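# Residue-level structure breakdown
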2 protein chains.
Amino acid sequence: MPAAVLDFWFDFASTYSYPAAMRIGALAADAGVTVRFRPFLLGPIFKAQGWTTSPFNLYAAKGRHMWRDLERLCADLGLPFRRPDPFPQNSLLAARVALAALEQALGDDFPGEDFCRAVFRAEFAEGRRIDDPATIADILVRSSIEPHAALAAAQSDASKARLRTQTDAAQRLGVFGAPSFTAADGELFWGNDRLEAALRWVKRVAHSE
Amino acid sequence: MPAAVLDFWFDFASTYSYPAAMRIGALAADAGVTVRFRPFLLGPIFKAQGWTTSPFNLYAAKGRHMWRDLERLCADLGLPFRRPDPFPQNSLLAARVALAALEQALGDDFPGEDFCRAVFRAEFAEGRRIDDPATIADILVRSSIEPHAALAAAQSDASKARLRTQTDAAQRLGVFGAPSFTAADGELFWGNDRLEAALRWVKRVAHSE
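Described below are features of the structure shown in this document.

Now for the pattern of salt bridges. Evaluated as defined, the whole model comprises 26 salt bridges over all chains. With a shortest N-O distance of 2.8 Å, Arg72(A) and Glu187(B) are connected by a salt bridge. Highlighted residues: Arg72(A) in helix 4 (residues 60–77) and Glu187(B) in the loop between strand 3 (180–182) and strand 4 (188–190), drawn from two different chains. A single burial state applies to Arg72(A) and to Glu187(B), both of which are buried.

The second copy of the chain is related to the first by a rotation about an axis and a shift along the axis. Taken as rigid bodies, chain A and chain B are interconverted by a rotation of 180 degrees and an axial shift of 0.0 Å, the fit giving an RMSD of 0.0 Å. Overall, the copies show the geometry of a two-fold rotation axis. Residues of chain A ranked by C-alpha distance from the rotation axis are headed by Asp193(A), positioned 3.7 Å from it. Of the residues that chain A buries at the interface, 100% are likewise interface residues in chain B, meaning the two copies contact each other through the same surface.

Before going further, it helps to examine the sheet that holds strand 2 (residues 34–39) of chain B. The strands that make up a sheet pair up through hydrogen bonds in the backbone, lying either parallel or antiparallel. Residue and element names in this part refer to chain B. Spatially, 2-1-3-4 is the arrangement adopted by the 4 strands of the open sheet, whose pairing is mixed. Here the strands that pair on one side only, and so sit at the sheet edges, are strand 2 and strand 4. Strand-to-strand twist of the sheet, defined as the mean angle between neighbouring strand axes without regard to direction, takes the value 20 degrees. Here 3 bridges tie strand 1 (residues 5–10) to strand 3, and the two strands are oriented antiparallel to one another. When the bridges of strand 3 are listed, aspartate 7 appears paired with threonine 182. The sheet strands contacting helix 6 (residues 112–124) are strand 1 and strand 2, and the helix crosses strand 2 at an angle near 55 degrees.

Residues and elements named next belong to chain B. The N-to-C vectors of helix 1 (residues 17–31) and helix 6 enclose an angle of 140 degrees; their axes lie 10 Å apart at closest approach. One finds that helix 1 runs oblique with respect to helix 6. Once helix 1 is placed against helix 6, the crossing between them reads as left-handed. Within the contact between the two elements, helix 1 uses Ser17, Tyr18, Ala21 and Met22 and helix 6 uses Arg117, Phe120, Arg121 and Phe124. Of the residues belonging to the contact of helix 1 with helix 6, the class tally is 5 nonpolar, 1 polar and 2 charged.

Rules used in this analysis
Sequence order as written defines the numbering, with residues in each chain counted from 1. By the order in which they are written, chains take letters starting at A while ligands take numbers starting at 1. Only residues with pLDDT of 70 or above have their local features reported here, since the model is predicted, and side-chain atom pairs are shown and tallied only from 80 upward, although totals for entire chains, interfaces and linings are computed over all residues. Only hydrogens and water are set aside when side-chain values are computed; all heavy atoms of the structure are taken into account. Whenever a carboxyl oxygen of Asp or Glu lies within 4 Å of a side-chain nitrogen of Lys or Arg, that contact is scored as a salt bridge. The helix and strand labels rest on DSSP assignments: H or I over at least four residues marks a helix, E over at least two residues marks a strand, and numbering proceeds from the N terminus. The rule is simple: take the accessible area with a 1.4 Å probe, protein chains only, and divide by the maximum for that residue type; under 20% is buried, over 50% is exposed, in between is partly exposed. Alignment of copies: least-squares fit on C-alpha atoms of residues with pLDDT of at least 70 in both copies. Contact between two residues is taken to exist if any of their heavy atoms lie within 4.5 Å; hydrogens are not considered. Two strands qualify as a pair provided that DSSP identifies no fewer than 2 bridges between them. Note on definitions: angles span 0 to 180 degrees between N-to-C directions of axes, and those axes are lines fitted to C-alpha atoms, for helices only across the stretch in contact. Note that the term roughly parallel is reserved for angles under 35 degrees, roughly antiparallel for angles over 145, roughly perpendicular for angles of 65 to 115, and oblique for everything else. Should the near helix be turned anticlockwise from the far one by less than a right angle, the crossing is termed left-handed; should it be turned clockwise, right-handed. Any residue outside Ala, Val, Leu, Ile, Met, Phe, Trp, Tyr, Cys, Pro, Asp, Glu, Lys and Arg is labelled polar, Gly included; the first ten of those are nonpolar and the last four are charged.

Written out as structure tokens, the structure is:
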């Protein structure tokens, strides 16, 4: 039987990516599904749709509902929540470091997924700015990663190119928002609310192969 | 203990209002919640957000995902599904007749909620056009309602004003999409995915009063 694999596409600035990132580990383990964390940037994709900022800022009523909905959702999940200020945060630095961490470029023993969850926690639970290198450095230091080299590497041309490639890949798969989940057969699921359905999908496909 | 009441806001053209309308009766009965069906028009609300048609038409990738997602959702729920053509349908006539039916203006024995479900079924399961008076007349005739008087009444100034008032009320409550659910305390829930949370909310509020 082939492995059931789900790609988890997220932007650190995306509000509903926070509960998705916090939920996906346990749910995937229960379902026997391997998850690949795939940070990307929503900015270029929103731009292609004619948006210069988050639709939650562009459409006031939609934004008001989202903040209240996220607050209710986090309360139900027992997740701490603080509204980031400013919103959206610039997620470029965090995404570049996350990509390096996920590719084990920061060390074999440094789990990139833990780094991702720590960034979401800093932003949505602790009210910290993730565009501040000090925030990212703190997260690295707590995992015994030397921050200066990691932050310098994140600014390299190779690192920038990797994130662009990742964002292009998301767009080619039809990703238009975050979080999104994709299966190897191209099936796309959008939103934290679809995490369970996406896990069921890849399990079903793997079983039928 | 006060009654737990949930207002169910929908537009007949709205795709996710279809599964919500089909699910809400049984779920509300199980939860002991009284539901008020409140058809309104999304058009003026979208217009106020700068959209001249459905966002699913304006944003192609979002639209592609929605159709596939709705198809998966209906399959999971055992609901027949056919993609309406054209989309969105003009829901003006259906909404006016529905309002009259829900206010028992078409007869005390004609359940307005059944009429609403029949409209959704015609549109999303049978591929019929709901802007065609013949479709609406068929639904009325099957319930032994004389269609000519009902359709004429739907075109009256009073009927038009009622629908405008209803749409204004939705907008004042912060409704920006459909389906939406509102509680007496002003709490707003958007989307078919939030139906269960909305029912839990009004139950909890009623119990704590």
